[in-house]
Amino acid sequence: MDLDKNILATLNPKSLELILYPTEQCNFRCTYCYEDFLIGRMDEKTQAGIKNLIIKRLPKLENLHLQWFGGEPLAAKDLVLDLSNFAKRACDESGVNFSGSLTTNGYLLTLDLTQKLCDLNQKNYQISLDGFEEGHDKTRKLASGSGTFNRIWSNLISLKKSDLDFKVTLRVHLTKDNISSVKILAKEIKNTFMSDPRFTVFLKTIENLGGPNITADVLLSKSEKHAAIAEINNLLSNKTFSKSDGGIYVCYASRPNSLAIRANGTVQKCTVMLSDERNSVGKLDESGMLKLDSERMQLWMRGYSDNKNSLSCPAVGLPKIPNLIPIVSAS
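Residues numbered from 1 in each chain as written. Predicted model: local features only at pLDDT ≥ 70, side-chain atom pairs only at ≥ 80, totals over all residues. Heavy atoms only, no water.

In this model, Gly70 is joined to Gly71 through a cis peptide bond whose omega is 10 degrees. The residue Gly71 is located in the loop between β2 (63-68) and α3 (77-94) in this model. The residue Phe37 is not glycine, and still its phi comes out positive at about 60 degrees. A relative accessible area of 17% means that Phe37 is categorised as buried. Residue Asn121 is not a glycine yet carries a positive backbone phi of 65 degrees. Mapped onto the fold, Asn121 is located in the loop between α4 (111-119) and β4 (122-129). (Helix = DSSP H or I, 4+ residues; strand = E, 2+ residues; numbered from the N terminus. Buried < 20%, exposed > 50% of the residue type's maximum accessible area, 1.4 Å probe, protein only.)

Turning to the pairing of strand β9 (residues 280-284), a few remarks are in order. Among the five residues in β9, four count as buried, and that is most of the element. Note that β9 and strand β10 (residues 290-292) share three bridges and pair antiparallel. Directly across from Gly282, in β10, lies its bridge partner Leu292. A loop of five residues connects β9 with β10, the two strands running antiparallel in sequence, and Gly288 in this loop sits at a positive phi of about 95 degrees. (Pairing = 2+ DSSP bridges.)

Counting 93 residues, the largest nonpolar core has Leu64, Leu117, Tyr125, Leu156, Val168, Leu174 and Ile189 as the members making the most contacts within it. For this core, the element with the most residues is α3, which contributes seven residues. Setting aside residues up to four positions removed in sequence, Ile189 forms contacts with Trp153, Leu170, Val172, Met194, Val201 and Leu236. (Core = buried A, V, L, I, M, F, W, Y, C linked by side-chain atoms within 4.5 Å. Contact = heavy atoms within 4.5 Å.)

Here you go:
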């Protein structure tokens, strides 16, 4: 099939994205979270494996991007800083472009820590909000049960007042229960952040992604979703956030040059289907050797040779593998 420019860009063997889980623990207990928090801090063998993998791959790379995930990655900020520092120094010595981004709840993203991250080219942050103070605190709580909004908002204000070079995407979640609170939030975001080009807004409806928490009763229907997003964007005076520029959007999980390395060394493609064995495509050993299962990898990359629609979310309609043997995680 013909491949458009968006697809071709994802096939560049000189670019590598590593999605890293420095810890799979989290300081939050969001009411709709799909994660089980069974794995903790990244073990030392996996840390060594990541460093050795980077060294092995650098001679053939032009671009290396680290995407920090969790859990809450900044709950292990020392690992984020250490591995970022290692990667930046190695890339600088090899003439490789180095960048990074974090999916973080924002609670620990202080100005001082952001300065350190920016110095290491880790400059892009996605931070979720579920409404203004009261609405947000109903669903995005600390493990202790306490609210989190005021701390996150204070951190965001500190970032805005700084002259740091960063990009923050405020991911605003929508449910049947929080529309009125999100309307208040939208007005506050517009007044506080929308004049600053470093801040953008991404409106996202909560979905049922599995895990221990049931969310069906708060999910918006398709028509409710479109109406809510249009109304909130109008309050923000915000153009609808788009994942592509008119070409085909290719999910990171489809891309052959994007791999998620969990805290125990298990290599996966998708950051949502954590417990699905089809998602475990291999493991990373201490030497930096990636042992990948070609059949499982092909499941996730099938959109390049089959139905292009699966490129945008290969988890939808993911084929079964008969007699699937579990991959033993790196210890």
